[in-house]
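Results of the structural survey
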Amino acid sequence: MTENNSANNNFTFQRWVAIIGIVLFIAKLIAWHLTNSDAVFSDAMESIVNIIAAFMGLYALYLAAKPKDREHPYGHGKVEFVTSGIEGALIIFAGVIIIVQSVDSLLHGNIPKKLDWGIVIIAVTAAINYLLGYISYQKGIKENSLVLQSSGKHLQSDTLTTLGVVVSLVLVYFTKIYWIDAAVAMIFGGYIIFVGYKIIRKALSGIMDEADLGMLSRLATFLNENRKPEWIDLHNMRIQQHGSGLHIDAHLTIPWYFKLRKAHEEMEEMYRLIGENTDRTVEFNFHLDDCKPTSCEICQIFDCPVRERTFVKKILWNEKNISQPNKQDVNN
């Protein structure tokens with residue numbers, strides 16, 4: 001599947017998330033009208049956040065799918081981090097609303113009615129939300145889309161709060177203890193605040209190009225397993241995520257006596273090796289460095305015609321040494 005087709009599929013799926021969110025919101029409003037339950041009202045209000053977040057995600061996917069232009073040479077993928085951060089803030093806001101509403105219910109009390117209807121309607125919306133959230137998150141993982149992952153997490157966290165409402169309604173239905181629904185809603189309100197914080201944290205790390213040490217470690221391990229003697233050193237590696245694609249910068253050290261064509265072939269071979277073993281589109285920007293006398297001590301070209309120093313040891317690449325700015329030597 002091409003990057004453009006993948007972006008279109010993500011956009012179509014997110015549009016369905018938005019439409020279904022509106023339908024579920026209407027269902028929760030009906031349940032609130034029937035039950036006069038504060039917990040159900042809080043759940044319905046949280047669905048407004050779901051709808052706003054879904055349409056923001058839709059807009060983000062539209063922008064992320066746009067091709068590069070003169071003003072955006074790296075594309076528009078960074079917008080996914082921005083919208084995901086806003087979505088996380090909205091999730092926190094929803095959690096605060098639920099807690100405030102719960103406290104109000106505890107202080108003033110409220111007697112719900114027709115709880116059987118409310119239990120059925122809210123339980124159905126919870127099941128639909130969880131299924132949709134699961135599908136969205138798994139698709140986001142497959143397509144490397146932070147928008148779909150955030151949307152999925154949001155829907156799944158919404159399911160937990162909705163289940164909390166269902167549990168409280170069931171308990172109130174059988175016990176007639178009316179403060180239970182507010183207390184349960186308050187607990188889940190705190191939980192979704194935590195979920196919102198994690199989404200914001202991940203979005204900020206993407207906006208600020210925080211190093212993904214896990215990705216660097218996996219790449220270093222893979223390159224070690226497929227390393228050529230001519231690839232003397234790899235350093236100053238930086239990985240940026242732009243939407244579902246990656247941009248990788250690095251410095252590759254090769255023998256100084258290689259002619260330009262040979263040097264370029266070695267660089268292209270590393271490009272192909274990485275590109276053919278990832279499920280993402282990758283844009284490379286490598287700088288070629290020539291080896292120095294100190295490089296001899298870690299160079300594995302044992303029949304090198306111009307070796308100046310004795311080989312000492314092999315440097316295994318890891319997330320730390322491939323990201324350091326300077327060339328590696330025997331002391332690294």
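Small disclaimer: the values here were computed from a predicted structure and weren't measured. (Residues numbered from 1 in each chain as written. Predicted model: local features only at pLDDT ≥ 70, side-chain atom pairs only at ≥ 80, totals over all residues. Heavy atoms only, no water.)

A look at the overall build of the protein
For the protein, the count of helices and strands is 8 helices and 3 strands. For the protein, the succession of helices and strands along the chain, N to C, is α-α-α-α-α-α-α-β-β-α-β. Residues counted as buried form 47% of the 332 residues belonging to the protein. Contacts spanning at least 24 positions in sequence make up 72% of the contacts within the protein whose residues lie at least 6 apart. Just so you have it, the protein exposes about 16,900 Å², and 62% of that area is on carbon and sulfur atoms. (Helix = DSSP H or I, 4+ residues; strand = E, 2+ residues; numbered from the N terminus. Buried < 20%, exposed > 50% of the residue type's maximum accessible area, 1.4 Å probe, protein only. Contact = heavy atoms within 4.5 Å. Areas by Shrake-Rupley, 256 points an atom, 1.4 Å probe, with all protein chains shown as cover.)

Focus on helix α8 (residues 260-275)
Helix length check: α8 (16 residues) gives 22 Å between terminal C-alpha atoms against 22 Å at 1.5 Å per residue, within 8%. Listed in full, the buried residues belonging to α8 are A263, E266, M267, M270, Y271, L273 and I274. End-on view of α8: buried residues confined to an arc of 170°, all on one side of the axis. (Expected span 1.5 Å × (residues − 1). Arc of directions from axis to C-beta.)

Description of the confidence of the model for the protein
Summary statistics for the protein give a mean pLDDT of 81 and a share of 85% for residues scoring 70 or more. The element-level mean pLDDT for the protein is lowest in helix α2 (residues 38-64), coming to 73, with α8 highest at 91. (pLDDT = per-residue confidence, 0-100.)

Brief notes about the nonpolar core
With 26 residues, the main nonpolar core has L223, L234, M237, M270 and F286 as its most contacted residues. Secondary-structure elements contributing two or more residues to this core are α7 (213-225), β1 (233-242), β2 (245-254), α8 and β3 (282-290). Judged by nonpolar contacts, the second largest core, of 13 residues, contains A31, A39, V166 and V172. (Core = buried A, V, L, I, M, F, W, Y, C linked by side-chain atoms within 4.5 Å.)

Description of a nonpolar patch on the surface
On the surface, a nonpolar cluster with roughly 340 Å² of combined accessible area is contributed by I22, I26, I30 and F55. Tallying contributions element by element places helix α1 (residues 3-35) first for the nonpolar patch, with 3 residues. Along the polypeptide, I22 turns up in helix α1. (Patch = residues over 30% accessible without salt bridge, like charges linked within 9 Å, V, L, I, M, F, W, Y side chains within 5 Å. Salt bridge = Lys/Arg side-chain N within 4 Å of Asp/Glu carboxyl O.)

Considering the state of the cysteines
Overall, the coordinates contain 0 disulfides when judged by the stated rule. Of the cysteine sulfurs around C296, a residue in no disulfide, the closest is that of C304, at 6.3 Å. A disulfide-free cysteine, C299 has its sulfur positioned 5.8 Å from the sulfur of C304, the nearest such atom. The class for C299 is buried, based on a relative accessible area of 5%. (Disulfide = S-S within 2.5 Å.)

Side note on the environment of A27
With respect to the element layout, A27 can be found in helix α1. Measuring from C-alpha to C-alpha, the distance between A27 and G118 comes to 9.9 Å, with 91 residues separating the pair along the chain. Ignoring sequence-local partners within four residues, the contact set of A27 consists of I121 and T125.

A few points about the UniProt feature "transmembrane region" (unreviewed entry) in the protein
Taken from the UniProt record, the annotation "transmembrane region" (unreviewed entry) applies to residues 16-35, 47-65, 86-103, 115-135, 155-174 and 180-200. Between the C-alpha atoms that bound residues 16-35 there is a distance of 28 Å. The span itself is 100% helix and 0% strand. The span residues 86-103 is 100% helix and 0% strand, and its two end C-alpha atoms sit 26 Å from each other. (UniProt positions renumbered as here; feature names shortened; annotations may be inferred.)

Overview of the packing of aromatic side chains
For the structure shown, the criterion picks out 7 aromatic pairs. A ring pair is formed by Y257 and F258, whose centres lie 5.5 Å apart and whose planes are at 85°; its orientation type is edge-to-face. Pairing F284 with F286 gives two aromatic rings, centres 5.9 Å apart and planes at 85°, and the pair type is edge-to-face. Here the aromatic residues W256, Y257 and F258 are joined through ring pairs into a cluster of three or more. (Phe/Tyr/Trp six-rings, centres within 6.5 Å; stacked < 30°, edge-to-face > 60°.)

Here we look at the side chain of T125
By the secondary structure assignment, T125 is in helix α4 (residues 115-143). Among the residues examined, T125 registers a relative accessible area of 2% and is labelled buried. Once residues lying within four places of it in the same chain are set aside, the contact partners of T125 are L24, A27, K28 and T162.

Comments concerning the environment of Y191
Structurally, Y191 can be placed in helix α6 (residues 180-207). By relative accessible area, which is 36% here, Y191 ends up partly exposed. Not counting the four nearest positions on each side in its chain, Y191 is found in contact with S157 and L160.

Things to note about unusual backbone geometry
Across residues other than glycine, the phi torsion is negative in most instances, and most of the peptide bonds are trans. Phi angles above zero are rare outside glycine, and N36 is one such case at about 55°. Relative to the elements of secondary structure, N36 occurs in the loop between α1 and α2. With a phi angle near 65°, K176 is a residue other than glycine that sits in the positive phi range. Relative to the elements of secondary structure, K176 occurs in the loop between α5 (146-175) and α6.

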